[in-house]
Amino acid sequence: MNRIGVVGCGLMGAGIAEVCARAGLDVVVAESSEAAAEAGRARLEKSLKRAESKGKVDSAAEILGRIRIVTDLGELADRQMVIEAIVEDEAAKTELFRQLDEIVTDPEAILASNTSSIPIMKLGVVTSRPQHVIGVHFFNPVPVLALVELVPSLLTSPETTDRARAFVEGPLGKKAIDCQDRAGFVVNALLIPFVLSAIRMLESGFATAEDIDRGLVLGAAHPQGPLALADLIGLDTTKAVAESLYEEFKEPLYAAPPLLARMVDAGLLGRKTGRGFYTYS
């Protein structure tokens, strides 16, 4: 597969497009508007120029030349694999998969989702090709982190899973782990309750955000604390994953704390908005 489509050019979509283009693949990225496309282009340019300045890539311009950003989903018709990386919303994702099923002409093309929590079965069954629908979940920042979770549904064919694994471990140089199609998969099913516990600790006044994070960094050798990590993930995404986990398992540890819900309502989403549990310039 050398013709790759990506839907969405936010933090995750741009990162996925970048690693695909770095691997020499032909990439078309679809965005919802010209403004979003321009923001995505700027995000890609900034990331690749930074990588070039650090000697991680030879030519940012050459890599950017392999990426075309469009606002018409129809431009994805000839893609051999399309990776969805839009907002973590089930209704939005299922509608997109309905459209991709009609648009992508290759009957063997893989329709993949970068969802971090929504069951893949719900996306596959709205298409006429659920055997070719699979979760391919990257981690932020995509150019840096090596892990990809592969999540086949009950209807995904073994051949699709094998092709997806060959793609992420071959040209992309990532490491894949296999996950069952359950909300949160492996990493978020473990990580989100940990993050929510830290938010509850802050909410109860047990400790400050700084001391909670410092405790985990210095006392447990974590690279960053759970509240700083939530800001990096995005508090809206953290809340969406928590809600998906709670809906599936009904375990109290997955319930989003009121503080998290209020912060999302206020638009305090973390790094991407400049303020979450911390303030960013």
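Figured I'd write up the structure that's included with this text.

About the criteria used
- Residues numbered from 1 in each chain as written.
- Predicted model: local features only at pLDDT ≥ 70, side-chain atom pairs only at ≥ 80, totals over all residues.
- Heavy atoms only, no water.
- Patch = residues over 30% accessible without salt bridge, like charges linked within 9 Å, V, L, I, M, F, W, Y side chains within 5 Å.
- Areas by Shrake-Rupley, 256 points an atom, 1.4 Å probe, with all protein chains shown as cover.
- Salt bridge = Lys/Arg side-chain N within 4 Å of Asp/Glu carboxyl O.
- Lys, Arg positive; Asp, Glu negative; His and termini not counted.
- Charge placed at Lys NZ, Arg CZ, Asp CG, Glu CD.
- Helix = DSSP H or I, 4+ residues; strand = E, 2+ residues; numbered from the N terminus.
- Buried < 20%, exposed > 50% of the residue type's maximum accessible area, 1.4 Å probe, protein only.
- Phe/Tyr/Trp six-rings, centres within 6.5 Å; stacked < 30°, edge-to-face > 60°.
- Contact = heavy atoms within 4.5 Å.

Some points on a positive patch on the surface
Together, K46, R50, K54 and K56 give the surface a local cluster of positive charge. Mapping K54 onto the fold places it in the loop between α2 (34–53) and α3 (60–64). Relative accessible area serves as the criterion here: at 56%, K54 is assigned to the exposed category.

Notes on the packing of aromatic side chains
Enumeration over the complete set of coordinates arrives at 1 aromatic pair. Summarising the aromatic geometry, the rings of F249 and Y254 are spaced 5.7 Å apart at their centres and angled 40 degrees between planes, so their arrangement reads as tilted.

Here's the deal with the side chain of S117
Its place among the elements puts S117 in the loop between β5 (110–113) and α5 (120–124). S117 gets classed as buried once you look at its relative accessible area, which sits at 0%. Discounting chain neighbours no more than four positions away, the residues touching S117 are E88, A183, G184, F185, A240, V241 and S244.

A short note on the pattern of salt bridges
For the structure on display, the rule yields 17 salt bridges. With a closest N to O distance of 2.9 Å, R79 and D26 form a salt bridge. Of the two residues, R79 is situated in the loop between β3 (67–70) and β4 (81–84) and D26 in strand β2 (residues 26–30); the sequence distance between them amounts to 53 residues. A salt bridge links K93 to E84; the nearest nitrogen and oxygen atoms lie 2.3 Å apart. Residues K93 and E84 agree in their burial class; the two are buried.

By themselves, these observations are geometric and do not establish any function.
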